[in-house]
Each structure stands twice: as C-alpha cells, then as structure tokens.
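Descriptive structure summary
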Amino acid sequence: MLFNSQEFILLFIPALLVLLFLIRGRSHNTYIATLILFSLIFYSFWNVSDLLIVLMSVLFNYVVYKYIRNTNNKYVLIIGILFNLVALYYYKYIIFTLSLIGINSYDKINLPLGISFFTFTQIVFLIDVYKNKYTNFKFNNYLLFVVYFPHLIAGPLVHHKDLIPQFENYKNREFNQNNILIGLVIFTIGLAKKVLFADNLALYANSIFNGYSSLQSINAAYAWTGAVAYSMQLYFDFSGYTDMAIGVSKILNINLPINFNSPYKSKNIIEFWRRWHITLSNFLRDYLYIPLGGNKNRIISISITMALGGLWHGANLTFLVWGCLHAGFIYLNYLWIKIKEYFKIPVEIIPNYIGVFITFICVTFAWVFFRSENLQKALAISSDMIFRWLSIDSLNLFINEFHIYLRLMSESNLSMKILLIILILSSVIIWVLPNTQQYINQDKKNLCFKGGIYEIIFFGILFLASVLSISSKKEFIYFNF
Amino acid sequence: MKIKIFIVIGIIPLYLIVIINYIIDPYGVFESNFFKQPGAIQERFYKINYLTKNLFSEILLGSSRVGSINTENINIKFNKNIYNFYISSGNMAEFEYIVKWIPYNLSHIKAIYIQIDWPENYGLAGDQLQYQMHPDIIKKSKIDFFKNYLFTLQYEGIKYKLRRNFTNEYLEYKFDFKNGNFSYPERDNLLKTDCDGYQSRTGYFKNKNTEIAKSLRQDSINTQTLESISRIKKYAKNKNIDIIFFTAPHNMNYIDKINTEEYISFIRKLANITDFHNFLFYNKLTKNNCNYYETSHYTDDISTEIFNALLVRNNLSHSHFTTSKNVDDEIIFLKNNFKKNRTLQ
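Here's a quick rundown of the structure. Predicted model, so just to flag it, every value in this text is computed and none were measured. (Residues numbered from 1 in each chain as written. Chains lettered and ligands numbered in written order. Predicted model: local features only at pLDDT ≥ 70, side-chain atom pairs only at ≥ 80, totals over all residues. Heavy atoms only, no water.)

**Description of the packing of aromatic side chains**
Residues and elements named next belong to chain A. Selection criterion: Classification of ring pairs uses Phe, Tyr and Trp, with its six-membered ring standing for Trp, and accepts pairs whose centres are within 6.5 Å; under 30 degrees between planes counts as stacked, over 60 as edge-to-face, and the remaining range as tilted. Put simply, DSSP H or I for four residues or longer makes a helix, DSSP E for two residues or longer makes a strand, and each gets a number counted from the N terminus. To sort residues, take the accessible area from a 1.4 Å probe on protein chains only and compare it with the maximum for the residue type: under 20% means buried, over 50% means exposed, and anything in between is partly exposed. Only when the NZ atom of a Lys or the CZ atom of an Arg is both within 6 Å of the ring centre and within 35 degrees of the ring normal do we say a charge sits over the ring.
The tally for this structure, following the rule as stated, stands at 85 aromatic pairs over all chains. Their ring planes at 70° and their centres at 6.2 Å tell us that Phe8 and Phe149 sit as a pair that is edge-to-face. With Phe8 in helix α1 (residues 6-22) and Phe149 in helix α7 (residues 149-152), the pair connects residues that are 141 residues apart, well separated along the chain. Here Phe8 and Phe149 have matching classes, each one buried. Over the ring of Phe21 we find Arg24, and its NZ or CZ is 3.9 Å from the ring centre. It is Lys92 that lies over the ring of Trp312; its NZ or CZ is 5.5 Å from the centre.

Right, dumping it as structure tokens:
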C-alpha cells in the first residue's frame, strides 16, 4: 500500500483510527497488537510472501538480542550481524556480484521491500544492545518497532530508544486533536510534494533519461534539464514520503525523526550530508565512519563510508560511482577548508548563494549516476552536461544548440511552459520557503501548528487537490533501495 | 475547530465525490444502474466484459468510424456471428492489445475484421476516462482502474449523463448493448429522406479541403501503425485466427486532406505486410455524402457494400483486394484516382 493512494488515505487510516478508538478501553497489548496487525496488512499489500521474510528476520534478531542481553557474548553479536548481512547480500547483491564475474544466467531474486531499512535498523539495535545492555524489551514492542508501517518501507531510519518508549507510553494511546491536526498538515505537505511536484517533474526526468540509450551525445541543455528535473523530483519524492510518514505517525502520537532539512540550501557538500537523508547519514557516521577511524583517518573513512553508502542504495556500479563522486566532493570540501585556514582566507569570501549554487550543481551532477540504469547512460548524460556545454563557444552554436533543445522537447511532448512553471514553483519551495519542520515549528521540542483558519482552509484544499491528483499507482523512488 | 474545518474542506468532499461517482456512474463501469439512460459508454471496458459472457465467432475491430455497422443485419444477411467491437478514438496499438488478449480468453473467436483508418494517432489513450483500456487487456490492476473512476471529478461525464436523463438533450445517440454498434436514428432518417437538407443544415460537407503537407509526425504514426499491423498478422497466424484487414472508406472530403505521397507509401508497405481490401479512394461510396453523418463517420447504409467486398475478396468498384503482387497496379490506379478526383485540383 502506498501513502499516496486513496485506499491508504480514505480506508486504511480511518479504519485504524476507528479501531483504535473502539479498543481505547482495552489493554495496552491490544493497542500494540492492533498497530502490528495494521502494519503487517500495510506491508502485505505488496507481496504477502515478503511478510514471512520480515517476520523471520524480526524473530531471529529478537532471539539474538535475548542471547546478547543475557550473555553479552561478542560472538553472538557477530553471528547476528553476519546473518543480517548475508540475508541482505543474498537478496540484494548476489546477482550483481555474479554478473561482475561474468555469470548472468542467475534467476532474478525478488527483493523484499524495505529490506535495506529493516536490516540496518536491526543490526544497529543488536550493536547498541551489546554496548549498552538495554532493559528488557517485550517481543511485541520489538516487533512493532521494526514493522511499524510509517517507517518500515523507506524510513526514516529509527532508533529503538526513540521509538519503543513511545510505544510503551500509555498516554500515546489517547486521541490528541492537536497531534491529529499537525499530522494532517505534515501529511498534506508530503502528499502535495509527491503528487503535485515529484510526479510532474518525473515526466521530464524520465523522458529525458529514457532518451539517452547509448554514449551518443544529444544536447547539453536537454541533459541539464533532465538532471535538474530529477534532482528536484528526488527531493520532493523522498522528502514528501518522509513528511507523509512523519505526519501519519504524528496522528498516532508517535514522533518520527526528521530526515530532511532543506538539503539544497546547503552551502557546501559536508553541510548537504547533514541535511539530506539525515537518519541514514547519522547511522553511517555512528556505525561506519567513526568505527573506521573517523576524522583521524578521514580519507579512508570517507571513501569506504560513501562507497558503501552508495551500494546500500542498490546493487549497481552507478551507485558506487555516485558514492565515490560524493566522497571526492567531500575531500575537495575539506581541502578548501584547509586552504582557507592556511592562507587565512576570510570565511565570507564566497557568498552563501554561490556556495548553495555550486553545491546544488555538484549534487545534481552526481544524481545522474544515481538515476541512470547503467554507466554508459550516465556517462552520455554527464558528458553532455560538461563537455558539450563547454564546447559551445559562439553565439551561433548556442542558438543552434537551443533550437535543437526546443525540437527535442517538442518531439518528446514535453511542454516548455509547464516545465518553467514547475521549475519556478519548485525553486521557490526549495530555496525560499521554510521546510516542513520549520513551518510546523519542529525546531522547538513541542510541535504545534500556529496557522489560522485561512491556513487550515488552504491545507484542506491542498489535501483535496492532492488526493484528486493521484491518478494511478506511482511508487516512491526510495522503495527501490 | 481547526480539525473540523480541515475535515469539512479536505476529507468529506472526497467521500462525496466517491459516492456521486458511484451513483451517477457517468461511464457505466460500476453498473450501478441508478439511472434509466446510460451516459457516455466506456466501450473498451464494457465490450470486453460483454464478450467474455457472450459467444461470438467473429469480431469487427475499429475506431468509431466502424461503429455504425449494425452487425445484427450483417449476421442475418451473410449468416455470420459478428460482434461490432468499435472503440472510439481507437488505434492500431489498442487493436494489437485486444488481438493478443483474444486467444487466451475468447478462444471461440475465429476471425477478426480490422478497419484501418488513415492513421491519426498511435498508443493507448491518455487521461480520458472514457477511453481507458480494460485492465485485463493491458495487465493492470482492476482496483487502480476503478479507483480512477471513483476519485476523478468527472464533470463532463456527469453533466452528459444527467442531461440525457433529465432533459431531452443528447438522446438521439443510441448504443446497441447487444451488438456493440451505435446509431443516430433521426439522422439516419434525415439522410434517407432529405439528404440535401441535412447537408445544408449541418454544413459538414461545405469546407473545401486541401492536401496536408508531409510531416515527420504522420510518418512516425504510419510507421508505428504498420509495425502493429505486422505484429498482429504474425500473431494471428500463429494462433490460427483469420484476420481480414480493410482500409476505411473515408469520405471524399477527408480523402482530400491526405498527402498522396504518404498515402501511396503507406499502401505499398501495408501490402507487403498483409493482403487487405482497399476502400480508401474516391469511389461510389466515398463520393456520396449521403453515406456519411459527417466527413469522418459513415452510416450503416454502406455496411452491406463493405461486407460484400470483405467476404467475396474480389475487386469491386468501391473496393480493391490488394496484395503484395498487385500493389503496383493498385498504386497506379490510386495515383490516377487521386489526380482525377481531387476536388481542388
């Protein structure tokens, strides 16, 4: 089931709320069981057989957790981690590995939805239990922690110490009108990002990326249009999904961590990684970068972290290149910091907007590898973005290139007017307006929606328009990872 | 208070839209039958459902241009059992989907007559609800299909259905749920009794048309259409289904617009793919405006002439059975025919 589907919005959530209302006088276990049941229903809408894999994974990790808690045995922890990694490797990477050594006849293995997320979450849980000997978690709370439907498929990656206590808190069972309103507003913002922006930008990004089939050069502006459209699509898609997850969870009085903090407003690439997919970045930092040596061993730590971070997104060399590109950008960023320190260059030598622009260009360039199905296509687009662009050295050539661009857009049935409108609106949202949590005041501990009647009317209309714009099934990009 | 406003503005209207769409059912996909008169027919959905429940041995496939053929009359005259499977704005991409679906679901169908219009488009219909392909045919989710009809503001469809039921508007259009064709009884009557009056009142045939210049778009659509025809032909041969192709007897005003060079090229390529009956030239059918509702749709009056040609497979004055062997002669004929009959030349 998708957050951006009518059955989720008009059947699933209302049914869950009605049921929670009906069982409000029952035991806490009934409340937990209801949330588990609905989470499993939510997950099984894609593939019932995958449900078994999730449940087996939860059961295995819970048994390992019990052993570690009782014995604090390091080898049990290692076995637990290895088992998780082997399962992930089997489902996600084995075909990729075999293809690298020339074996391509292997049957396709169905990748269980969200496996990267629930595997990662549970590995972290085991490590933390080993280090910190957490108190006794009941199985039902642990199961709900892993399968809780708002975060199960595509995050945000949650920490057990943030989530399980919330499930155990009896007060969270009560209906809270303020939380429902905040949840609805956040959900609406996420839904609008997805169906009004991401899905429309996807028409341009998909058409242009599909237009490149080989190393053949097409047009510089065409390549840039595709890359920028995808860059914005991905932000609206994933941050929209996260907003919906946070919003729907807020309706249930459960707070999920923020995952995006206006990443394209970053003035450099280091800042970008503190603002983009924050929960994944934090996990990579705490459980990979720092154990690898962190800042003391920066080049190696960054290289391995970013390469594995890239591969975490998918079994393809394109993701590896994407990770390595970001590693390269981060080295350059640190080098620039060193140069500034060495030559005592004032911090403000580069205006903020230049930094934001350069960072966006670098990130957008790297997204080309993230989006392309293979390296050939990524190289074709990226070389158009750089070399073909640089080869335009006269006005005539520029005019000719622009004519080709207009013809290509016309032949692809891509409206320039609509593109301009979407890009302008998207730019305003990305670079001018506050982000969702700034708007909802999440910076302060207690969430509150301070909007007046007109804002509520606006969000009501936006919600209605967004639901009516859901034309057919469109999945989120991060479901693939 | 705020949450109530949100619910009233954002959520309740959604449920209302769902209820209204289900009750009015503007395209008849839910078969809710709260109204006497049907609205706009979702032919692609209705006809597939109908065919799965009723046994026909042959179908007539085409766009709405073939929709006026009353197959009940044809069946009686020629001792056949044909269903009129016209789909409005249909094109060869959609026909290909349908042909490929038939052997696995309607194995009793042994012959398919396919009318080839002068290609105007290619591909599945976009967003228009009336033209969505049956989900079984394109292997899509039925839930998603129905959701589109529940959650879309179907303003035009609702207006049309309500007007048909509560005013006297749009009532002339009759859809034959049993045989699949449509008819306009009043227009049929007028064309028979006062054809000149009909023509002067409607003005459909007054415009002088000139030949359209060649275009890349037309070339692309023609190529895609021919590729589909080729695939249909091969597929049907494998599945032992008899496919009879025929070009549409477009009205002469329509033929005037067709680029001769593109047309000749199309006919040559078509003949190299399959045998077909060519009606698309200036002849006694296409030159008689009384055979047409407007320049795009012919009436049922010429259906017997069409089937006379299709079933005999001989050359008639209004139809030439064209093959790869005689296509050169056909092209010489067509060039002369066009040259001689172009109204503005």
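**Digging into the nonpolar core**
All names here are of chain A. What counts here: Side-chain atoms within 4.5 Å are what join buried Ala, Val, Leu, Ile, Met, Phe, Trp, Tyr and Cys residues into a set we call a nonpolar core. The criterion used for residue contact is that any of the two residues' heavy atoms lie within 4.5 Å.
Ranked by internal contacts, the top residues of the largest apolar core, which has 139 residues, are Phe8 and Phe149. A total of 11 residues in this core trace back to one element, the largest contributor, which is helix α9 (residues 177-211). Beyond its immediate stretch of four places on either side in the chain, Phe8 contacts Met1, Leu2, Phe3, Ile13, Pro14, Phe42, Phe149, Phe187 and Val248. Judged by nonpolar contacts, the second largest core, of 57 residues, contains Ala223, Ile302, Phe360 and Ala380.

**So, the interface of chain A and chain B**
Which entries qualify depends on this criterion: Reported buried area values correspond to the accessible surface (1.4 Å probe) lost by two parts on association, with both partners' losses combined. Salt bridge, as applied in this entry: a Lys or Arg side-chain nitrogen positioned within 4 Å of an Asp or Glu carboxyl oxygen. The term polar contact refers here to a pair of N or O atoms within 3.5 Å; inside protein, the definition further demands a hydrogen-donor-capable atom paired with an acceptor-capable atom, and it admits residues adjacent in sequence only when both atoms are side-chain atoms. Any residue that is not Ala, Val, Leu, Ile, Met, Phe, Trp, Tyr, Cys, Pro, Asp, Glu, Lys or Arg is counted as polar, Gly included; the first ten are nonpolar and the last four charged.
Tallying the contact residues gives 27 residues for chain A and 16 residues for chain B. At the boundary of chain A with chain B, total buried surface from both sides reaches about 2,000 Å², with 75% on carbon and sulfur atoms. Counting the contacts that link chain A with chain B gives 1 salt bridge. The residue A:Glu7 makes a salt bridge to B:Lys147 at a minimum N-O spacing of 2.7 Å. Applying the counting rule to chain A against chain B returns 3 residue pairs in polar contact (both at pLDDT 80 or more). Grouping the constituent residues of the side of chain A that touches chain B by class yields 15 nonpolar, 9 polar and 3 charged.

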